[in-house]
Amino acid sequence: MKIMKNHFKEKGYVIASDGIKHNIHAEIFFMFYDLAISCIARNNIKTNFSIKKIDEVNYPKDLKELDKLLLTILHLDNKLIGELYDTVSYSSTFLKLISDSFMEDKAREFLDLKKNNTIYSWNHRIRIDPPRDNRKTYGWHQEIFYTFSDTKFLQTWAPIMRDTTLENGTIEICVGSCKEGIAKQTWNDIDGRVAQIIVDEKIVKKYEQKPMPMKTGEVMFFDPHTFHKSGKNSTKDEIRFSLVGLWNDTTYKNFRAPKPEFKTHYYYKQLNIFKKLQ
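Everything in this summary refers to the structure shown in the same document. Quantities reported herein were computed from a predicted structural model and do not represent experimental measurements. (Residues numbered from 1 in each chain as written. Predicted model: local features only at pLDDT ≥ 70, side-chain atom pairs only at ≥ 80, totals over all residues. Heavy atoms only, no water.)

Side chains that differ in charge, positive against negative, can pair when their charged atoms come close. Inspection of every chain in the model, using the stated rule, returns 18 salt bridges. Here lysine 9 ties to aspartate 112 by a salt bridge, and the two come within 3.3 Å at their closest N and O atoms. On the criterion of sequence distance, the pair formed by lysine 9 in helix H1 (residues 2-11) and aspartate 112 in the loop between helix H6 (101-110) and strand S2 (119-129) is long-range, its members being 103 residues apart. Lysine 179 is the partner of glutamate 10 in a salt bridge, and the nearest nitrogen-oxygen pair spans 2.9 Å. Of the two residues, glutamate 10 sits in helix H1 while lysine 179 sits in the loop between strand S4 (171-175) and strand S5 (185-188), which places them 169 residues apart along the sequence. By relative accessible area, lysine 179 is classed as exposed at 56%. Sharing partners across several salt bridges, the network here consists of Lys5, Lys9 and Asp112. (Salt bridge = Lys/Arg side-chain N within 4 Å of Asp/Glu carboxyl O. Helix = DSSP H or I, 4+ residues; strand = E, 2+ residues; numbered from the N terminus. Buried < 20%, exposed > 50% of the residue type's maximum accessible area, 1.4 Å probe, protein only.)

Looking at the secondary structure, you find aspartate 55 in the loop between helix H2 (22-42) and helix H3 (63-76). According to the relative accessible area criterion, aspartate 55 is exposed, its value standing at 66%. Distance in space between the C-alpha atoms of aspartate 55 and phenylalanine 30 is 9.4 Å, their sequence separation being 25 residues.

The next point concerns the sheet that holds strand S10 (residues 240-249). Spatial ordering of the open sheet is given by S1-S8-S3-S10-S2, a layout of five strands whose pairing is antiparallel. Of all the strands in the sheet, the pair left with one neighbour each is strand S1 (13-16) and S2. On average, adjacent strands in this sheet sit at an angle of 20° to one another, irrespective of strand direction. The pairing of strand S3 (residues 153-159) with S10 spans seven bridges and is classified as antiparallel. Bridge assignment links leucine 154 to a residue of S10, and that residue is tryptophan 247. On the sheet, H1 packs against S1, S3 and strand S8 (219-222) and is oriented at approximately 145° with respect to S1. (Pairing = 2+ DSSP bridges. Axes fitted to C-alpha atoms, helices over the stretch in contact; angles between N-to-C directions. Contact = heavy atoms within 4.5 Å.)

The three strands lie next to each other as S7-S4-S9, forming an open sheet whose pairing is antiparallel. Only two strands of the sheet have a single neighbouring strand rather than two, namely strand S7 (208-211) and strand S9 (228-230). Strand after strand, the sheet turns through a mean of 20° between neighbouring axes, direction not considered. Relative to S9, S4 runs antiparallel, the two being bridged by three bridges. By the bridge assignment for S9, isoleucine 173 is matched with histidine 228.

Glancing now at the side chain of serine 177. Note on placement: serine 177 falls in the loop between S4 and S5. Overall, serine 177 belongs to the buried group, its relative accessible area being 0%. Side-chain polar atoms of serine 177 contact the backbone oxygen of cysteine 174, separated by 2.7 Å. Setting aside anything within four residues of it in sequence, one finds serine 177 in contact with Tyr207, His225, Thr226 and Phe227. (Polar contact = N/O pair within 3.5 Å; in protein donor to acceptor, adjacent residues only side chain to side chain.)

The next thing to look at is empty space enclosed by the protein. Under the counting rule described, the total for this entry stands at one cavity of 30 Å³ or more. By volume, the largest cavity amounts to about 30 Å³. Lining the largest cavity are Asp129, Pro130, Asp133, Asn134, Thr137, Gly231, Asn233 and Arg240. Taken together, the residues that form the lining of the largest cavity break down as one nonpolar, four polar and three charged. (1 Å grid on protein atoms, 1.4 Å probe; cavity = no way out; pocket = protein on both sides within 12 Å on 5 of 7 lines; lining within 4 Å. Points joined across faces, edges and corners; volume = space filled by probe spheres on them. Nonpolar A, V, L, I, M, F, W, Y, C, P; charged D, E, K, R; others polar.)

All quantities given are derived from atomic positions and should not be read as evidence of function.
What follows is the structure, encoded as structure tokens:
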């Protein structure tokens, strides 16, 4: 325990083994598969392949079948993948994943908390990064600029359902960059992509830039000041699935929980139905 904690403080990250059990990855696979075939049926999406029924597939043997379903949806309408992505984050399977005692215990340990202190989940999601699509990838950044202000937290990152590799764009870390504090960075508006706050290149070069291939089951915990980025998924037809999210220390003096704002994906459709009823 002490060795891992020291590594976290010195290097800015630590990888814990056996964090997400095989049965949870299997449950996540079936959740995604179920949501994908429901989305295809609901939206009358045509495919050029036969879709296996959910009781005909197995994890991990049929991961490629899931890739085909999700890529078919993505190529038709990216917003449908967005809806599926949001659905996952409030499913019972996903809530089971992030509330696992392993996650809680490790997060408290690296936040220097006691076992009964409360930690607050923020923006835990399973990213869906398709091949050769860099619209949602970021350059070297610090997570502290992508969350609510004045909070004490750490970040988690983990491969989901399949290993993350150099080829499918695993996470990369600047080793020891947590000691930089808040680094000099620039705001970048890039056409077709989200705005990015990127660490100055000269500062990045001070640190070892280390790609982190990871096995399913492993979980990375890292400091909010650690420079990191995702690699590029250069595979032909393989989606990279990864868990991201922040654990906040609610004992921190200035902690204030954000107010969630929920919006339906079909607001305008519902509004038109309502108008017809009047």
